[in-house]
Every structure is written in structure tokens, then in C-alpha cells.
Amino acid sequence: MSQEITPDSQNHHSKSTKICQNFFKSEAELSLQIESQIEHFKNLNLKLKKSFIKNSQKTTAKMTKKLEALVFDPKRTSYSLFFSPDDFFTTCETLSNESLRERPVVVGSLRVVCANFSAREFGISGSMPTAVARSLCADLVVLNTNEEAYRKKAEQVFGVMDKFSGSVRREVLSFFEGWFVFNVKDLCSEFTDHQKVTEAASNFARKIQAEIFERTGVTLSIGIGPNLRLAKLASQSLVSNSVKVYTRVKDPTVKLLMSLDVQCVEGIGQRTGRILKGLGLLTVEDLKKNFHLLACIFPHDKLETILAESCFYIPEEEEKKEKKERKSVNDSQRFSATKNFNTIQKIIEKLSSSVWRKLPEDTFPRTISIRIKYEDFKVEKRNRTLKNGF
């Protein structure tokens with residue numbers, strides 16, 4: 001399917017060494033910055049008054065109880081199912097070349113786009129420069145991306161998935177992941193019985209996995225939860241072909257959620273997560289018990305949002321928004337750096353045709369956007385709006 005990329009020249013080796021050095025140097029500098037910020041926030045925490053801490057903990061406990069009651073509503077019958085193919089790009093490559101099955105494989109010429117389980121055992125992860133990945137594993141197989149083949153396989157997966165739900169939605173930023181809402185009454189007549197609901201939902205997910213694997217050769221991780229956010233979290237397992245169900249009963253479901261890494265909370269990125277861990281906040285439960293510390297880190301207007309996210313609560317208007325049809329259509333393609341105008345023009349024409357085919361009938365789009373993301377993660381965007389539409 002894709003051609004293997006081999007470092008066959010001295011010049012390439014020197015360039016790779018420089019990339020590795022720069023990568024580890026920037027990581028070291030970032031660590032020093034984070035350590036400095038942690039000390040700063042620790043000093044701010046010492047200045048907080050005891051009355052403020054006590055009131056903050058009381059308010060947090062009250063709001064948490066209210067939010068959890070809304071999420072785990074005992075009368076709930078609708079659940080979200082989120083599915084994500086395991087190591088999708090490397091799986092596609094392995095299906096077309098059986099000799100890769102037991103080998104450490106990554107896809108991506110400049111940066112790792114996807115790494116299989118064997119590669120991850122060496123500490124290789126997504127977005128890591130490929131040169132760094134090679135330095136961690138001498139026997140690493142590096143392949144160019146083959147987006148056309150991946151999209152074709154994704155269409156096969158979604159084709160099978162349509163058998164289980166007529167309203168499967170694709171993830172906005174991922175063409176191979178998706179989700180749908182189902183009614184638990186269709187699976188279990190005794191929908192008030194927590195154990196039977198969990199068992200029925202798990203069996204439903206296993207049935208989907210078996211059908212997808214038989215028809216496409218792809219394994220899926222599936223998460224089921226009261227809302228899309230919890231379903232996504234449930235799908236994020238270190239084990240391939242996994243099924244996890246978060247239902248409406250507090251024990252043991254909420255207990256499991258409280259032990260999740262603090263970076264599972266929306267709005268807490270990698271850098272903030274490292275700062276929070278430096279302050280001793282490792283899990284979601286730690287976050288709630290020490291919510292007063294966030295007053296030192298986040299602006300006041302963001303604190304309520306962070307608390308709602310730590311309870312995995314989606315406001316009603318946002319949940320409705322998720323169920324509405326998308327107001328935009330997009331497509332993307334990765335390509336190597338080039339100054340050749342004809343190459344860029346062909347890519348734009350291909351993407352334009354793809355987006356046009358995805359548009360629903362009787363649709364008249366008014367705005368078109370082009371977004372370019374460079375190797376250093378710098379993003380440039382240009383929009384053009386026509387009064388009467390395209």
C-alpha cells in the first residue's frame with residue numbers, strides 16, 4: 001500500500017540527529033517553564049484565606065451533586081455510542097501487507113501520524129518527529145500516508161455501521177471515528193435494571209465489533225455513556241477491541257470516572273495538566289476536592305465551565321447542538337512541504353470536489369475557507385464569502 005521510508009544517506013542522518021536534539025532541547029525548556037509556574041502557583045495557594053477555601057469546597061460539593069444528578073438521570077433511556085478503529089492507519093497497512101503484523105510500524109514521513117501497539121511499546125507516540133521515533137526503535141518501519149486507501153476502508157466501516165443505526169455521525173476532526181444515539185428500550189425491556197442495561201449495551205457493542213471485523217478486518221474500541229463526552233472517554237482504552245459502558249448508576253461508574261487522569265477533563269490541555277499534577281492534582285477526584293487551587297490558575301469566568309466538565313456534564317443547549325445537522329462540510333489532506341504551485345492546485349481541486357460531493361441537496365454555501373497547518377503547528381486561514389452563495 002504505502003512505501004517504506006528508509007534513512008539511506010549521511011545527510012539524512014545528520015538532519016535526523018539535529019531534529020532529535022531540538023526536540024529534546026525544547027522538551028527540557030518546557031519542563032523548566034512548567035516547574036517555575038508550579039512554584040508560582042504554590043506560593044499563590046499559600047496566600048489563600050481559610051474562609052475562601054472552606055466556602056469554595058462547600059460550593060463545589062453542592063454543584064457537583066447537582067451536575068452528577070443531571071448526568072446520571074435514573075429515567076434516562078437514550079445513550080451515546082462512540083466508536084474508534086484501533087490504530088487505524090497502521091491497521092490498514094497491515095491488512096494490505098501481512099509481513100508488517102508483528103513489526104513496529106508508524107505512518108508519517110516527518111511526524112508520526114499513527115503508531116501501532118508494537119511501536120508504542122518503545123515510547124513512540126503521535127505527533128512525535130519521525131526522526132525521534134527512529135532513535136527510539138532501530139527496527140522501526142516508517143510508511144508514507146495513503147489517505148485515499150484509509151478513506152476507502154473507513155467507508156467500508158461506516159457502511160457496516162449503518163446497519164446498526166440510520167443516524168451515524170462522523171467526528172468533525174476524524175473521518176474514521178463516529179457516534180450515534182440509541183434507545184436502551186430497544187435492547188432491554190427492563191431498562192430500570194442497571195445490570196441488565198449494562199449487559200445489553202455491552203452485548204450490542206460486541207455484536208457491532210464482530211460484524212465490523214468480519215466484514216473489514218478492522219477492530220474497534222467502543223464506548224457507551226449518557227452523553228457523547230462520556231462515550232468518548234469510555235472508548236479511550238489502552239486495550240484494542242475494548243468495550244466500556246458508563247451508565248446512570250453512581251456506583252461503581254462515577255467512582256471509575258473520578259479516578260481518570262485530570263487531562264481527561266475538557267479544557268485541560270497537556271501543559272495545564274502537567275502544572276496541575278505538579279500541584280498534586282492527579283485525578284478528576286483530586287480536582288474536585290481541591291477546586292480552590294484552580295482560582296490561582298484559571299480566570300474566574302472559566303471556573304464554572306471546568307467544574308461542569310469535571311462532572312462530564314453537557315449543557316442542554318450544547319447537547320441539542322450535537323444532535324443538529326452540521327452547518328459546515330470539510331475535508332483535509334496531509335502532504336509533504338512543497339513550493340510547486342501545480343501540486344498545491346491539484347490538492348485544492350481534489351479537496352474541493354470531495355467537499356462538494358458531501359454537500360446535501362438544495363444547499364447553497366456562502367463561505368469557503370482554506371486552512372493550512374504547517375509542520376511547526378502554525379496555522380493560516382483564509383475565508384471568502386459570496387453574497388448569493390456558490
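What counts and how
- Residues numbered from 1 in each chain as written.
- Predicted model: local features only at pLDDT ≥ 70, side-chain atom pairs only at ≥ 80, totals over all residues.
- Heavy atoms only, no water.
- Helix = DSSP H or I, 4+ residues; strand = E, 2+ residues; numbered from the N terminus.
- Buried < 20%, exposed > 50% of the residue type's maximum accessible area, 1.4 Å probe, protein only.
- Contact = heavy atoms within 4.5 Å.
- Areas by Shrake-Rupley, 256 points an atom, 1.4 Å probe, with all protein chains shown as cover.
- Pairing = 2+ DSSP bridges.
- Patch = residues over 30% accessible without salt bridge, like charges linked within 9 Å, V, L, I, M, F, W, Y side chains within 5 Å.
- Salt bridge = Lys/Arg side-chain N within 4 Å of Asp/Glu carboxyl O.

1. Let's talk about the overall build of the chain
Then, number 1: For the chain, the count of helices and strands is 14 helices and 10 strands.
Then, number 2: Every one of the 390 residues in the chain was classed for burial, and the buried ones make up 39%.
Then, number 3: For the chain, the share of sequence-separated contacts (at least 6 apart) that also reach a separation of at least 24 residues comes to 61%.
Then, number 4: Just so you have it, the chain exposes about 23,800 Å², and 51% of that area is on carbon and sulfur atoms.

2. Quick notes on unusual backbone geometry
Then, number 1: Phi is positive for D87, close to 45°, though the residue is something other than glycine.
Then, number 2: Topologically, D87 is positioned in the loop between strand 1 (78-85) and helix 3 (88-96).
Then, number 3: A positive phi angle is found at N241, which is not glycine, with a value near 55°.
Then, number 4: We classify N241 as partly exposed; its relative accessible area is 32%.

3. Some details on the pairing of strand 1
Then, number 1: Judged by how many residues are buried, strand 1 sits mostly within the fold: 7 of 8 residues are covered.
Then, number 2: Here strand 1 pairs with strand 6 (residues 174-183) via 6 bridges, running antiparallel. Among the inter-strand pairings, F82 is bridged to a residue of strand 6, identified as W179.
Then, number 3: Sheet analysis places strand 1 next to strand 7 (residues 220-225), joined by 6 bridges and oriented antiparallel. The partner of F82 across the bridge, within strand 7, is G223.

4. Focus on the environment of V112
Then, number 1: Structurally, V112 is set in the loop between strand 2 (105-107) and strand 3 (114-115).
Then, number 2: The residues touching V112, leaving out its near neighbours within four places in the chain, are V106, V107, I124, S125, G126, S127, M128, T130 and A133.

5. Side note on a nonpolar patch on the surface
Then, number 1: Residues I348, I370 and I372 make up a contiguous nonpolar surface patch of about 220 Å² in total accessible area.
Then, number 2: Mapped onto the elements of the fold, I372 is located in strand 9 (residues 367-373).

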